Amino acid sequence: MKRNSMFVFLALSLLLAGCAPAAGGARSLRLPMGYIPNIQYAPFYVAVENGYFAEEGLALDFDYSFETDGVALVGAGELPFAVVSAEQVLLARAQGIPVVYVAAWFQDFPIAAVAAAETGIQTPADLAGQRIGLPGLFGASYIGLQALLNAGGLSEQDVTLEAIGFNQVEAFASGQQPIIVGYINNEPLQLRALGFDVNVLAVRDSLHLPANGIITNEDTARNNPALVRAFVSALLRGLDDTINDPDAAYEISLKYVDNLAEADAAVQKEVLAVSIDLWRAERPGFSDPAAWENLHALLLEMGLLERPLSLSDAVTNEFVP
Amino acid sequence: MHGVSCPGLLRGSFVSRMAMNKDLMTNFPLSARRGRALAPGAFALALGVFLWYALIWLGGVQPFILPAPHQVWGRFLRALADGSLAGHSWVTLQEVLAGLALGAAAAMLFGYALAKSTVLEKFLAPYVVASQAVPTVAIAPLLVIWFGPGLASKVLVCALIVFFPILINTVVGVRSVPEDLRDLMRSLHASRAQTFRLLELPAALPVLLGGFRIGATLAVIGAVVGEFVGADRGLGYLLSVARGQYDVALVFVAVFTLIAMALSLYGLVALAERATLGWQRQAEQSRMTFNPTEKN
Amino acid sequence: MTGKALLEVIRLSTTFRNGNGGLHVLDGLDFSVAEYQFVALLGPSGSGKSTLLRTLAGLLPPSRGRVVFKGQRVDGPPRGVGYVFQNANLMPWRTVEENITLPLELAGAANGAAAAKSREMVELVGLQGFEEALPRDLSGGMAQRVAIARALAHDPDLLLMDEPFGALDAITRERMGLELLRIWEARRKTVLMVTHDIAEALMLADRALVFSERPARVSMELTVDLPRPRLDELRYTPEFAALSRRLRDAIR
């Protein structure tokens, strides 16, 4: 499936190039989500269900394609918004893709190393000499792991990395990978539900990094700030509702996530609870400049950025109420 | 083919695969029309590059959506210079060759047994058909879980993907051995090994090599699928990394390298056909059918 | 009958299993062939002549009765039998020489011996200069010569020929008949040849066996006492015409 996405995305961009926003009524917006339908997207579902986007004249159409495709479509001006992880913004800008991060949804980097309790691994420094399974040497999990290694005073040479694809739970459960890298609100919960005792080494406990949020392109930010403000405002209302009433948000999500009703409700609610923990903020939507500095430095150190970028061009809080 | 329904079915899907590859095949004529065929090839290439530029200029496509040919070329030269392209290509090539060898060996072994035993064929046919129906993309992650993220899982994906076409062509090839020649071998007291080496192998070779042509290109796809799932080396990995870093020019470099690899393997099989199938007048014959009845 | 019997067919019956009670092809055949005799087998199409030949070659077990070759009951392909098929049945990937030496290669003969034999056979069937040719480059007549050379390569005592010239045009067919006659006179093999062609049978054979409609029995046996060497002019003699008429009547 993955190999097709490039072509799908090219085809899509050609298709969309011919589509203009509908005149009158609600403006229809395709929103690339970067992942499959999931309880984690509850704030978006709640905002739509409670009519917050409609009040702003927007009708969302969720697009569960790949994160990188969303970035390219927004950068090319085909779509105004996408939901992406913070490091994507810097990586894309390094390639001349003019995207801007306008609202933080997650307040902290949701990546963690997950170790079987019997390994005795409790802190990042304990990872020395260990074999660690992660989806690949790219993406959020790779960057998060690097942050953990730095925190433990280690480098990539001190551990053995194994690219196992998005099979962390299976690889762990089958005993092949006693240490994996995943999302705090996903893999550890699944593993505990399967009866495993795991230690979670969260990146957020070591380093403050920006995470998933909303991006737009420079053109929209400059020429249509009202649209950006409207979008961010509607989302933050949904986020607020979700944090205040997770059970209602869960019920609403059932309509948007196929098969969610069949899944273990307790685990799904736990996913939501842990996620909410990552969303809570004094000022929702606000990006901490210090966190961005941390990310910028980390990407430079890892060689994922060849030269420094202007962070003030990459991220702004001007649309956050 | 005997009157069992399954092989017909197998053959059907095989034929459709062949049809998909038909264009590619006609680009490799076995007869000596090479030199003349080069000119239209160069023209087609030039036209492709021209259309590529036209798309970018007329469509105003940004480089991070579709880089221009010269940008891809420049990226290619850089990837070549720093050795990364060669390194990743070598890894993928190893996976492809090992997978092809493993898949082909298993397919020929099974195919031969299936061709020789109707009972075995009836027994195994559902599994054989099922093996074709399984989407490789779906089981590649399982293989990575079972056999680890190293070379083995990619080799197995390649082997799985080439298994079916070579199996079917082995069955068809061995079944196409004329009964009269079998009788001749029997009347001359040929041993099983002699019958295999002197009759079945050469008679089945045209069809078998047809399977290899398809298998060679499929194996490249298999390696990439395997590398997509989880790898830290190889062209599929390079593709993932390039995508993750919005380095679309590098994505194209990797894609073109994969195409070149598939075409080279395909060409090698075609060369092997030229070397071993000189007794057949036309390439056309070698593709689908084996017609043993000489003109009398 | 001259000499001792090389081949004996004793109460031979063959029935093929099919949907409705079986197809009775051969019905209690009884005959024998003496050493060095040339026997032609004639009969309506579908009367089981090919089935008989395959049974004699040990490729097909009979339903009842038996075949005795050189005093031994045939049970699987016996040694010392050369078989010439309806079409040349050559291996298209082997050259003329390689096709001829196939029986020797299978028997594990040394390369030198095989090469010498091949040269001899090529000469015998008049294919000098075509040793390296592939079957696709041969005419039908040439291909059949290769087939005959192959059948003779391992010096069999008995040559079984299943309408060897059936697929050739009339002129080539006559020429090949004479060619075969020459070869047979040079080699003195025992030959059992299936044919549809009465003139061919009379030109070549010492004896002709006529089969009835299926299930086949020997409906007539004719001794062809025409003088040898037989030359083309023989066709126009009254003796030839008389025998020809007898055979034709018997087949009808």
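Residues numbered from 1 in each chain as written. Chains lettered and ligands numbered in written order. Predicted model: local features only at pLDDT ≥ 70, side-chain atom pairs only at ≥ 80, totals over all residues. Heavy atoms only, no water.

**Quick notes on the domain arrangement of chain A**
Residues and elements named next belong to chain A.
Here is step 1: By domain assignment, chain A separates into domain 1 (5-108 + 210-314) and domain 2 (111-205).
Here is step 2: Domain 1 and domain 2 are separated by 26 Å when their C-alpha centres are compared.
Here is step 3: Summing both sides of the interface, domain 1 and domain 2 together bury roughly 1,300 Å²; the carbon and sulfur share of this comes to 66%.
Here is step 4: Taken together, the connections running from domain 1 to domain 2 amount to two salt bridges.
Here is step 5: The closest approach of N and O atoms between Asp108 and Arg204, which form a salt bridge, is 3.7 Å.
Here is step 6: At the junction of domain 1 with domain 2, the criterion picks out four residue pairs in polar contact (both at pLDDT 80 or more).
Here is step 7: Listed by contribution, the elements that provide at least two residues to the side of domain 1 that touches domain 2 are helix H12 (265-279) and helix H13 (289-302).
Here is step 8: When residues in the side of domain 1 that touches domain 2 are grouped by element, the largest group, seven residues, is from H12.
Here is step 9: For the side of domain 1 that touches domain 2, the per-class residue count stands at eleven nonpolar, three polar and five charged. (Domains from an automatic or database assignment. Buried area = accessible area lost by both parts, 1.4 Å probe. Salt bridge = Lys/Arg side-chain N within 4 Å of Asp/Glu carboxyl O. Polar contact = N/O pair within 3.5 Å; in protein donor to acceptor, adjacent residues only side chain to side chain. Helix = DSSP H or I, 4+ residues; strand = E, 2+ residues; numbered from the N terminus. Nonpolar A, V, L, I, M, F, W, Y, C, P; charged D, E, K, R; others polar.)

**What about the interface of chain B and chain A?**
Here is step 1: Of the residues lining the interface, 27 residues belong to chain B; the matching set on chain A comes to 38 residues.
Here is step 2: A combined buried area of about 2,600 Å² lies between chain B and chain A, and 64% of that area is made up of carbon and sulfur atoms.
Here is step 3: Of all residues in chain B, Phe64(B), Arg243(B) and Tyr246(B) give up the largest surface area on contact with chain A, accounting jointly for 29% of the area buried on that side.
Here is step 4: Inspection of the chain B/chain A interface yields one salt bridge.
Here is step 5: In this structure, Arg243(B) engages Asp69(A) in a salt bridge whose closest nitrogen and oxygen atoms are separated by 3.7 Å.
Here is step 6: The interface formed by chain B and chain A holds four residue pairs in polar contact (both at pLDDT 80 or more) in total.
Here is step 7: Contributing elements (two or more residues each) for the side of chain B that touches chain A: helix H7 (136-147), helix H10 (192-229), helix H11 (235-244) and helix H12 (248-276) of chain B. (Contact = heavy atoms within 4.5 Å.)

**Structural notes on the pattern of salt bridges**
Here is step 1: By the definition in use, this model includes 34 salt bridges over all chains.
Here is step 2: In this structure, the salt-bridge partner of Glu218(A) is Arg93(A), at a minimum N-O distance of 2.8 Å. In this pair, Glu218(A) is assigned in helix H9 (residues 218-223) and Arg93(A) in helix H5 (residues 86-94), connecting sequence segments 125 residues apart.
Here is step 3: Residue classification places Glu218(A) among the partly exposed residues on the basis of a relative accessible area of 25%.
Here is step 4: Here Arg93(A) falls in the buried class, since its relative accessible area comes to 17%.
Here is step 5: A salt bridge links Arg235(C) to Asp232(C), with the shortest nitrogen-to-oxygen separation between them at 2.8 Å. (Buried < 20%, exposed > 50% of the residue type's maximum accessible area, 1.4 Å probe, protein only.)

**Thoughts on the interface of chain C and chain B**
Here is step 1: Counting from both sides, the interface comprises 29 residues of chain C and, opposite them, 25 residues of chain B.
Here is step 2: Interface of chain C and chain B: buried area, both sides summed, is about 2,600 Å²; carbon and sulfur atoms make up 59% of it.
Here is step 3: Considering only the side of chain C, the residues that lose the most area to chain B are Trp93(C), Leu106(C) and Arg136(C), jointly responsible for 29% of the buried surface there.
Here is step 4: Summed over the shared surface of chain C and chain B, the result is one salt bridge.
Here is step 5: Here Arg54(C) and Asp183(B) are joined by a salt bridge, their closest N and O atoms 2.2 Å apart.
Here is step 6: Applying the counting criterion to the chain C and chain B interface returns seven residue pairs in polar contact (both at pLDDT 80 or more).
Here is step 7: Counting residues per element, the ones that place at least two in the side of chain C that touches chain B are helix H3 (102-106) and helix H5 (140-153) of chain C.

**Digging into the packing of aromatic side chains**
Here is step 1: On inspection of all chains with the given rule, the structure shows 25 aromatic pairs over all chains.
Here is step 2: Here the aromatic rings of Tyr45(A) and Phe62(A) are separated by 5.4 Å at their centres, their planes lie at 85°, and the arrangement is edge-to-face. Of this pair, Tyr45(A) sits in helix H2 (residues 42-49) while Phe62(A) is found in strand E2 (residues 58-66), placing the two residues 17 residues apart along the sequence.
Here is step 3: Judged by its relative accessible area of 0%, Tyr45(A) falls in the buried class.
Here is step 4: According to the relative accessible area criterion, Phe62(A) is buried, its value standing at 16%.
Here is step 5: Three or more aromatic residues link up through ring pairs in this structure, and these residues are Tyr41(A), Phe44(A), Tyr45(A), Phe62(A), Tyr64(A), Trp105(A), Phe106(A), Tyr256(A) and Trp279(A).
Here is step 6: Lying across the ring of Phe66(A), Arg243(B) places its NZ or CZ 5.6 Å from the centre.
Here is step 7: Lying over the aromatic face of Trp184(C), Arg188(C) brings its terminal NZ or CZ to 4.4 Å of the ring centre. (Phe/Tyr/Trp six-rings, centres within 6.5 Å; stacked < 30°, edge-to-face > 60°. Lys NZ or Arg CZ within 6 Å of the ring centre and 35° of its normal.)

**A short note on the side chain of His296(A)**
Here is step 1: Of note, His296(A) is situated in helix H13.
Here is step 2: When residues no more than four places from it in sequence are discounted, the contact partners of His296(A) are Leu90(A), Leu305(A), Pro308(A), Leu309(A) and Leu311(A).

**Let's talk about the environment of Met33(A)**
All names here are of chain A.
Here is step 1: Among the structural elements, Met33 can be located in strand E1 (residues 27-34).
Here is step 2: Sequence separation between Met33 and Ala248 is 215 residues, and the spatial gap between their C-alpha atoms is 22 Å.
Here is step 3: Aside from chain neighbours lying at most four places away, what touches Met33 is Tyr41, Phe44, Phe62, Asp63, Tyr64 and Val83.

**A few points about the environment of Ala249(B)**
All names here are of chain B.
Here is step 1: Locating Ala249 in the fold gives a position in helix H12.
Here is step 2: A relative accessible area of 11% means that Ala249 is categorised as buried.
Here is step 3: Ala249 sits 179 residues away from His70 along the chain, and the two C-alpha atoms are 9.6 Å apart.
Here is step 4: Among residues more than four places away in sequence, those in contact with Ala249 are Pro67, Gln71, Val72 and Arg75.

**What to know about a nonpolar patch on the surface**
Residue and element names in this part refer to chain B.
Here is step 1: A contiguous nonpolar patch, built from Phe43, Leu47, Phe50 and Leu51 and spanning about 450 Å² of accessible area, is present on the exposed surface.
Here is step 2: The residue Phe43 is located in helix H3 (residues 34-59) in this model.
Here is step 3: Assessed through its relative accessible area of 57%, Phe43 is described here as exposed. (Patch = residues over 30% accessible without salt bridge, like charges linked within 9 Å, V, L, I, M, F, W, Y side chains within 5 Å. Areas by Shrake-Rupley, 256 points an atom, 1.4 Å probe, with all protein chains shown as cover.)

**What to know about the packing of helix H11 (residues 246-256) of chain A against H12(A)**
Residue and element names in this part refer to chain A.
Here is step 1: Relative orientation of the contacting elements H11 and H12 amounts to 120°, with a least axis distance of 11 Å. By the criterion of interaxial angle, the relationship of H11 to H12 is oblique. For the crossing formed where H11 meets H12, the hand is right-handed. For the pair H11 and H12, contact is made by Pro246, Asp247, Ala249 and Tyr250 and by Ala265, Gln268, Lys269, Leu272 and Ile276, respectively.
Here is step 2: For the contact of H11 with H12, a count of residues per class yields six nonpolar, one polar and two charged. (Axes fitted to C-alpha atoms, helices over the stretch in contact; angles between N-to-C directions. Parallel < 35°, antiparallel > 145°, perpendicular 65-115°, else oblique. Left-handed = near helix turned anticlockwise from the far one by under 90°.)

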